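Summary of structural features
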Amino acid sequence: MKKIIKIITLTFLLIMIVNSFVFAQTDKRITVGSKDFTESYVLGDIISQLLKHHGFRVEEKFGMAAAIARSAILNRQIDILPDYTGTALGTYFESDENINDPVELYETVKKLDLEKNNLVWMGRTSFNNTYALAIKKDMIDEIGTTISDLAEYVNKKNGQVTFAVNHTFYQRESDGIFPMAVEYNMNIVRENVKPMDTGLTYTAIDRGQVDVAMVFGTDAKLRSFDLFVLEDDKHFFPIYNVSLVVRKEVFDRFPEIEEILKPITEIIDTEMMINLNYEVDANGLPTKMVADQFLKQHGLID
């Protein structure tokens, strides 16, 4: 009888150990989200593949509109999301303050989101996907390399320089084309500023229909159209560095994810992000393939 009881006890303990192991494996789950544009898809896939490589079971909820993605992480529908420092300050926290220092901006939104929403911001990329002004490369010698150089050129040309901007940039009262002109003492003629859909700004400058185009700092079209981005030497435009935003509950449960995902914010610079976007938008590669190639190239997965 004692032998039977001992066997039953050992069997029960073995079952408990196996169940605990299985539970630990299946419970190591994270839901990764992304917004509905190329860069966010690529970053979402990189996050997902890195976590899978380290034993996580990942559910992907990609392609959400910006407001929906933010709502999803606040409402525990996703656990982690690549997001932008400038978006957080201006949209989530509705601040009119323009923090020109990227580190100060990151630390500010990191503190606010942790205190208000229990969200942890892990690291900050060096690349900045903000508004920018671009010219053709063969115009660098004539115009210069900074927006201050452009202002001097515009003023010298007495209203002859033309601009292509998207509708939002045309209308924005705090960081649009006309407040920017005031900041840089640039005498832009309003009639020479042509509002249009974002993608068309690149086409317009490529075809010689305008002299200057509004672009975004890591857009693949910068490479496609071989444009030169002017330096925002007065730091007028908001900073949009990417950080990996995770729910604190998840961060506390899996603190190792910070080290696992650190290469994303440490390795990817402006040129690299443009190239990753280019592989998708220009060469038509799936974002998962682009993410896989990036991770293997840098020895982050096998």
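Computed from a prediction, not measured in an experiment: that's the story for all the values here. (Residues numbered from 1 in each chain as written. Predicted model: local features only at pLDDT ≥ 70, side-chain atom pairs only at ≥ 80, totals over all residues. Heavy atoms only, no water.)

**Side note on the environment of Leu43**
- Structurally, Leu43 is set in helix 2 (residues 38-53).
- Once the C-alpha coordinates of Leu43 and Tyr92 are considered, the two residues, 49 residues apart in sequence, prove to be 21 Å apart.
- Other than its neighbours up to four places away in sequence, Leu43 contacts Pro82, Phe127, Val242, Ile264, Ile268 and Met273. (Helix = DSSP H or I, 4+ residues; strand = E, 2+ residues; numbered from the N terminus. Contact = heavy atoms within 4.5 Å.)

**Side note on the pattern of salt bridges**
- All chains considered together, the criterion is met by 15 salt bridges.
- Measuring nitrogen to oxygen at the nearest pair gives 2.7 Å for the salt bridge that ties Asp113 to Arg70. With Asp113 in helix 5 (residues 102-117) and Arg70 in helix 3 (residues 66-74), this pair connects stretches of sequence that are 43 residues apart.
- Measuring nitrogen to oxygen at the nearest pair gives 2.8 Å for the salt bridge that ties Asp226 to Lys137. With Asp226 in the loop between helix 11 (221-224) and strand 9 (227-229) and Lys137 in the loop between strand 5 (131-136) and helix 6 (140-143), this residue pair connects regions lying 89 residues apart in the sequence.
- A single salt-bridge network, built from bridges that share partners, covers Asp45, Lys52, Glu60 and Lys288. (Salt bridge = Lys/Arg side-chain N within 4 Å of Asp/Glu carboxyl O.)

**So, the pairing of strand 5**
- Summarising burial for strand 5: five of the six residues are buried, a large majority.
- Relative to strand 8 (residues 212-216), strand 5 is paired through four bridges, and the arrangement is antiparallel. The residue bridging Leu133 from the neighbouring strand is Met214, located in strand 8.
- The pairing of strand 5 with strand 9 spans three bridges and is antiparallel. Directly across from Ala134, in strand 9, lies its bridge partner Val229. (Buried < 20%, exposed > 50% of the residue type's maximum accessible area, 1.4 Å probe, protein only. Pairing = 2+ DSSP bridges.)

**So, unusual backbone geometry**
- Unlike most non-glycine residues, Asn118 shows phi in positive territory, near 55 degrees.
- Considering the arrangement of structural elements, one finds Asn118 in the loop between helix 5 and strand 4 (119-122).
- Positive phi, normally seen in glycine, also occurs at Asn185, with a value near 55 degrees.
- Structurally, the position occupied by Asn185 is in the loop between helix 9 (177-183) and strand 7 (193-196).

**Some remarks on the packing of aromatic side chains**
- Scanning all chains against the criterion turns up nine aromatic pairs.
- Here Tyr41 and Phe62 contribute two aromatic rings whose centre-to-centre distance is 6.5 Å and whose plane-to-plane angle is 80 degrees, an arrangement assigned as edge-to-face. Taken as a pair, Tyr41 in helix 2 and Phe62 in strand 2 (residues 57-64) lie far apart in primary sequence, 21 residues in all.
- Stacked on the ring of Phe178, the Lys or Arg Arg190 has its end atom at 3.8 Å from the ring centre. (Phe/Tyr/Trp six-rings, centres within 6.5 Å; stacked < 30°, edge-to-face > 60°. Lys NZ or Arg CZ within 6 Å of the ring centre and 35° of its normal.)

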